[in-house]
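Each chain is listed here by its residues.
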Amino acid sequence: MRYLLGKIALFVVTLWAAVTINFLLPRMMPGSPADAAIAKLSQNGPVTPAMRAAVEAQLGVPHGSLIAQYGQYLGQIVRLDFGTSYSYFPQKVSALVSGALPWTLVLVGTVTVIAFIVGTALGALAAWKRGSWVDTFATAGSQFASAFPYFWTALLLLFFLGYVAGWFPTSGAYGDSSTPNLSLGFIGEAIAHAGLPALTILITSLGGWIIGMRNTMVNTLGEDYVTFAEANGLHPRTVALRYAARNAILPNLTSFGLVLGGVVGGSLLVETVFQYPGVGLLLFHAVTNQDYPLMQALFLMITVSVLIANFIVDVLYGVLDPRTRR
Amino acid sequence: MGTKTKARLFKAGVAVVTAAATIAVVSGCTVQTKASTSSESGSSASLLLGADNGTPTFTRNFNPFSPSTRVGTHYMYEPLQVVNSIDGKATPFLATGDTFRDPKTVDYTIRSGVKWSDGKPFTPADVLFTFDLIKKNPSLDTLGEWQHIDSISSSGNTVTFHLKGADVPAATVIDQQIIVPKHIWSSVKNPLTWTNDNPVVTGPYVLGKFAPNEYTLSKNKNYWQADKVAAKTLVLPASNTQVDIVHKGYDWAYSYISDVKGTFVAADKQHNTYWFPPGGTIALYPNLTKAPFNNLDFRRGLSYALDRDKIADDAEQGYVKAAGQTGLLLPNQNSWLNTSIPDKGAIAQDTKKALASFEKAGYTQKGGKLVDASGKQLSLTITSPNGYTDWLRGLQALQTQLKAIGIDVTLNQPQPAAYTQALNAGNFDLALGSYGGTGSTFQDFNNLLNSSFATPIGTATSANFERFKDAKTDQLLTQLKSATTTDAQKQIVDQLQQTVYDQLPAIGLFYGGLWGLFSTKDFTNWPSASNPYAPPSTWTETALLILTSIKAAS
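The structure presented is a predicted model; accordingly, all values stated were derived computationally and were not measured.

Asker: Can you walk me through the overall build of chain B in this structure?
Answerer: For chain B, the count of helices and strands is 15 helices and 22 strands. Along the three orthogonal principal directions, the C-alpha set of chain B runs to about 85 × 80 × 50 Å. Expressed as a percentage of its 554 residues, the buried residues of chain B come to 55%. Intrachain contacts of chain B at a sequence separation of at least 6 include 70% that bridge at least 24 residues.

Asker: Just checking my understanding: could you explain the packing of aromatic side chains for this structure?
Answerer: Each aromatic ring pair is specified by the distance between its two centres and by the angle formed by the two planes. Residue and element names in this part refer to chain B. Summed over the entire model, instances satisfying the criterion amount to 38 aromatic pairs over all chains. Consider the rings of Y274 and F276, whose centres lie 4.8 Å apart with planes at 40°: the pair is tilted. Counting every residue linked through ring pairs, the aromatic cluster contains Y256, Y274, F276, Y319 and W515.

Asker: Just checking my understanding: could you explain the side chain of B:E316 for this structure?
Answerer: Residue and element names in this part refer to chain B. By the secondary structure assignment, E316 is in helix 8 (residues 308-316). We note that E316 is buried and unpaired, the nearest opposite charge coming from R393 at a distance of 4.9 Å. Once residues within four sequence positions are removed from consideration, E316 is found in contact with Y256, D390, F510 and W515.

Asker: For this particular structure, what's the right way to read the sheet that holds strand 1 (residues 46-50) of chain B?
Answerer: Across a sheet, paired strands are connected by hydrogen bonds in the backbone, their directions being either parallel or antiparallel. All names here are of chain B. The strand order across the open sheet built from seven strands is 8-9-10-1-11-20-12, with neighbouring strands paired in mixed fashion. Of all the strands in the sheet, the pair left with one neighbour each is strand 8 (205-211) and strand 12 (272-275). Across the sheet, the axes of successive neighbouring strands diverge by a mean angle of 20°, strand direction being ignored. As paired elements, strand 12 and strand 20 (residues 516-519) share four bridges and run antiparallel to each other.

Asker: Can you help me understand the packing of helix 1 (residues 2-28) of chain A against helix 4 (residues 66-79) of chain A in this one?
Answerer: How two helices pack is summed up by the angle between their axes together with the distance between the axes. Residues and elements named next belong to chain A. Running from N to C, helix 1 and helix 4 cross one another at 130°; their axes reach a closest spacing of 11 Å. Relative to helix 4, helix 1 is oriented oblique. At the point where helix 1 passes helix 4, the crossing takes the right-handed sense. Contacts between helix 1 and helix 4 pair W16, V19, T20, N22, F23, L24 and R27 from the former with L66, Q69, Y70, Y73, L74 and I77 from the latter. Taken together, the residues of the contact of helix 1 with helix 4 sort by class into nine nonpolar, three polar and one charged.

Asker: So what exactly am I meant to see when it comes to helix 9 (residues 351-360) of chain B here?
Answerer: All names here are of chain B. All buried positions along helix 9 are accounted for by A354, S357 and F358. Projected down its long axis, helix 9 carries its buried residues within an arc of 100°, all on one side. In this structure, helix 9 carries K352, E359 and K360 as exposed residues pointing more than 90 degrees from its buried face. Each element contacted by the buried residues of helix 9 is listed here: helix 7 (296-305) and strand 15 (369-371). Immediately downstream of helix 9, the backbone of G362 shows phi near 100°, a positive value.

Asker: Mind showing me how you'd approach the environment of A:M51 here?
Answerer: Residues and elements named next belong to chain A. Relative to the helices and strands, M51 is located in helix 3 (residues 49-59). Residue class for M51 comes out partly exposed when judged on its relative accessible area of 26%. When the C-alpha positions of M51 and S132 are compared, they lie 68 Å apart, and in sequence the two are 81 residues distant.

Asker: Could you clarify how one ought to interpret the nonpolar core in this entry?
Answerer: Generally speaking, nonpolar side chains in soluble globular proteins are found buried as a group. Of all hydrophobic cores here, the largest spans 81 residues; its most connected members are B:F298, B:F358, B:L380, B:L398, B:L402, B:I407 and B:F510. Discounting chain neighbours no more than four positions away, the residues touching B:F358 are B:D297, B:F298, B:G301, B:L302, B:Y363, B:L370, B:L378, B:I405 and B:I407. Counting residues in hydrophobic clusters, the runner-up holds 70 residues, among them A:F89, B:L192, B:L217 and B:A534.

Asker: When you look at the sheet that holds strand 13 (residues 278-286) of chain B in this model, what are you seeing that I'm missing?
Answerer: Residues and elements named next belong to chain B. Pairing is mixed in the open sheet, where five strands are placed in the order 17-16-18-13-19. Pairing within the sheet leaves two strands with one partner each, and these edge strands are strand 17 (408-412) and strand 19 (507-513). Across the sheet, the mean angle separating the axes of adjacent strands is 30° when strand polarity is ignored. Across six bridges, strand 13 lies against strand 19 in antiparallel orientation. Paired with P278 across the bridge in strand 19 is G513. Sheet contacts for helix 7: strand 13, strand 16 (379-383), strand 18 (430-435) and strand 19; angle to strand 19, the most-contacted strand, approximately 45°.

Asker: Even after reading the chapter, I still don't get the interface of chain A and chain B, so can you show me in this structure?
Answerer: How big an interface is tends to be reported as the loss of accessible area on association of its parts. Between chain A and chain B, the residue contacts involve 56 residues of the former and 66 residues of the latter. In this assembly, chain A and chain B are joined by zero salt bridges. Applying the counting rule to chain A against chain B returns six residue pairs in polar contact (both at pLDDT 80 or more). Within the residue set of the side of chain A that touches chain B, elements represented by two or more residues are helix 2 (33-41), helix 3, helix 5 (93-128), helix 8 (184-221), helix 10 (236-262) and helix 12 (279-288) of chain A. Among the elements that line the side of chain A that touches chain B, the one with the most residues is helix 3 of chain A, at seven residues. Of the residues that constitute the side of chain A that touches chain B, the class distribution is 32 nonpolar, 19 polar and five charged.

Asker: Just checking my understanding: could you explain empty space enclosed by the protein for this structure?
Answerer: If you roll a probe as big as a water molecule over the atoms, it shows you where there is empty space left. Scanning the entire structure with this criterion turns up two cavities of 30 Å³ or more. Counted as a void, the second largest cavity has a volume near 30 Å³. Around the second largest cavity, the lining residues are A:Y88, A:F89, A:P90, A:Q91, B:T59, B:R60, B:N61, B:S68 and B:T195. Here the residues of the lining of the second largest cavity are counted per class, giving three nonpolar, five polar and one charged.

Asker: What is the right way to look at a nonpolar patch on the surface in this model?
Answerer: All names here are of chain A. On the surface, a cluster of nonpolar side chains totalling about 740 Å² of accessible area is made up of F144, F148, F151, W152, L155, L268, L269 and F284. Those elements that place two or more of their residues in the nonpolar patch are helix 7 (150-164) and helix 11 (268-273). No other element matches the three residues that helix 7 contributes to the nonpolar patch. When you line up the elements, F284 lands in helix 12.

Asker: Where do I start with the packing of helix 5 of chain A against helix 13 (residues 292-320) of chain A in this structure?
Answerer: Residue and element names in this part refer to chain A. One can describe the packing of helix 5 onto helix 13 by two numbers: an axis separation of 10 Å at closest approach and a directional angle of 45°. In terms of orientation, helix 5 lies oblique with respect to helix 13. Handedness of the helix 5/helix 13 crossing: right-handed. Here V93, L96, V97 and L101 of helix 5 lie close against helix 13, whose contacting residues are P293, L294, A297, L298 and M301.

Asker: I tried to follow helix 7 of chain B on my own but got confused; where do I start?
Answerer: All names here are of chain B. With seven of ten residues buried, helix 7 lies mostly within the body of the structure. When we look at burial in helix 7, the residues that qualify are D297, F298, R299, G301, L302, S303 and A305. Measuring from the side-chain oxygen of the N-cap residue of helix 7 to the backbone nitrogen of D297 gives 2.9 Å; that N-cap residue is N295.

Each value, and the rule that gives it
- Residues numbered from 1 in each chain as written.
- Chains lettered and ligands numbered in written order.
- Predicted model: local features only at pLDDT ≥ 70, side-chain atom pairs only at ≥ 80, totals over all residues.
- Heavy atoms only, no water.
- Helix = DSSP H or I, 4+ residues; strand = E, 2+ residues; numbered from the N terminus.
- Buried < 20%, exposed > 50% of the residue type's maximum accessible area, 1.4 Å probe, protein only.
- Contact = heavy atoms within 4.5 Å.
- Phe/Tyr/Trp six-rings, centres within 6.5 Å; stacked < 30°, edge-to-face > 60°.
- Lys, Arg positive; Asp, Glu negative; His and termini not counted.
- Salt bridge = Lys/Arg side-chain N within 4 Å of Asp/Glu carboxyl O.
- Pairing = 2+ DSSP bridges.
- Axes fitted to C-alpha atoms, helices over the stretch in contact; angles between N-to-C directions.
- Parallel < 35°, antiparallel > 145°, perpendicular 65-115°, else oblique.
- Left-handed = near helix turned anticlockwise from the far one by under 90°.
- Nonpolar A, V, L, I, M, F, W, Y, C, P; charged D, E, K, R; others polar.
- Arc of directions from axis to C-beta.
- Core = buried A, V, L, I, M, F, W, Y, C linked by side-chain atoms within 4.5 Å.
- Polar contact = N/O pair within 3.5 Å; in protein donor to acceptor, adjacent residues only side chain to side chain.
- 1 Å grid on protein atoms, 1.4 Å probe; cavity = no way out; pocket = protein on both sides within 12 Å on 5 of 7 lines; lining within 4 Å.
- Points joined across faces, edges and corners; volume = space filled by probe spheres on them.
- Patch = residues over 30% accessible without salt bridge, like charges linked within 9 Å, V, L, I, M, F, W, Y side chains within 5 Å.
- Areas by Shrake-Rupley, 256 points an atom, 1.4 Å probe, with all protein chains shown as cover.

Set out below in structure tokens:
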């Protein structure tokens, strides 16, 4: 119980710090939202003084002193009201976020869980049969795959499977003329569009899980208690799973918690390459357009979910490893 | 975790992988059929237009006053006249023409027989209402109409604008005002945040089907010059990447594209063409409030040290030409050129002259370095927005050229927003920026030279970033405002060109291009260098000129 209370206190303090930093950071960036909008306009050609004046009048600048803004901001967080976006004016921030979140959660979430399960299982198998062809294939293969940068894998897949072979749609999350709904046809479309982004995330993230699990498990397999279990004549599978794998999975579980918390942040590079309408791309647009309200809502959502995921992992750790409870 | 659970997990994993593979194969089939149907639909009736980029999807906003309005809005509403930004010529749309009674008063004759897309007639009352609307809501006045207009009156089909002073160039600004229907907009509570989901318009197109990844515009059956509109449907997808543009068979797209001949043109040699006319001058702004940039000899030294052709080639892959030093955009404004300025204002690299000018400014070459009186090497910092890779390539060429005569050059590349802030507030030594390209010689020179924009350092301005101040130039600009004949205007513009050429308030480097990509497969008569009736821009009302000029290919 004391363990749990300590963790809750820590959670609350980090949450407050995160919320405050989230308020301060965007305001330290140079340039106002109007400057950003004008910079964007000027890429199409010189911006006349009248256009500048209108943009400034439309977007305005944050009002009041920093302290007053901070108070206003805390009030908004409690009410979950994040105001109107600057760059998607006059759209509400909450509407934008709730429009992007499902895509990211389903795509990145599902793939992350699959990658974790498949990767950890393969890693355990590779360690158990170390030196065999399974081990060589899994280890070398995953190292090869994860050595590629994310976006490079994405671009290769996009070009060869999307444009050259024409097997997958090349951008977006659903067909050109569809509007999101729950019909079977639309869901099929959405799955087809998720193919390439999902494949990219799977290829690049699988390796980490395999290597992580394999290396810890190889260590655990050398421990005295494993030798002792073997000497006792236990079934090899029991030794592998209940003695070695259960202990070896702890570090992987920690990173899984962190990664899962980060899922709501989307997968920036993959979403950018495939123009997938998720949170990562939304965040990218918010940052490049100095869209404070949108940026704050997204950063807050990401930090809070990472904190919650951490908290759950901490609690789970206590269950899995009795020593941490003390 | 028991042995059995683990085994099940292994099996589940295998099942998931197999399922994913199956989905991939199945979806592969569906997508291929889709691709083949979409290429069939490329009949002459519909025009695939790469103009509006979703972020990454479209939000429904067809409010012509909103900064985030969909690009298609510009193909639905019409202004009084469309001004071709290439040569400044006005084509009548909702007005049939304008005449100046005197330099302070201009009459617009409003076109009769025009109908809104809901069937109601368009009248001068709509024009009066629109100007009144943007007066009451200054944030809607994106063209700054009421900086010029004092009052408006009307009688019959004539709307008369009484200007604040002698201001002939104001007609260009009034021309371009989008007109909205009074019977719809008079009941809109907040015209800035209203998203105008189903626009009622006078233009060639009305909204067709809207989806987050693509929307279509259909030909307006009530359009007053319907016989001139060749494309029945415009299709605007949200994703227009360079790969899409090469592979998907666009009829018209606006995009900078690497190696256009080897990519876009090669995809369909018979039909794909491009036209990249200059859209503005990319120039080096010296901060005229600071030494040594306020020294004319120093600026001359810089100007002579540069090989502009090389900078232009490096920046835009040879798509655009080096800029002349007259302040005009060439060849667009050839007819305004001051013929007494040699070589159309082009300044060739001349190291000897450069070093002589630098010497006058107090810098001499010593051991391969250009040093001041105290022996310190001349070191320059140039500010340019981060991510504008073409500008950066040009700057790198410039950096090499200045290094060759012993000047140390540092590039400062803040994020675009921070760059804009620095430029507006005058917090720079040298900055890369663009000017001109409005089609109106008055506006171009006024924005570059008018001292009323030259606010003190630290106070943001919106033009004349170099902060040029010259009483004689201001007087010339005032005279230009009241000159009604082209000859009188030309005389003044000649002198303004001489000022830019002699004083070097901004050192022109190269022309920024407008990147028009066209296919003649289904539609012909696109604008081109030999027929520059409109710029290839997709996001302004000049697109109306294109959409009413193209013909279906036979």
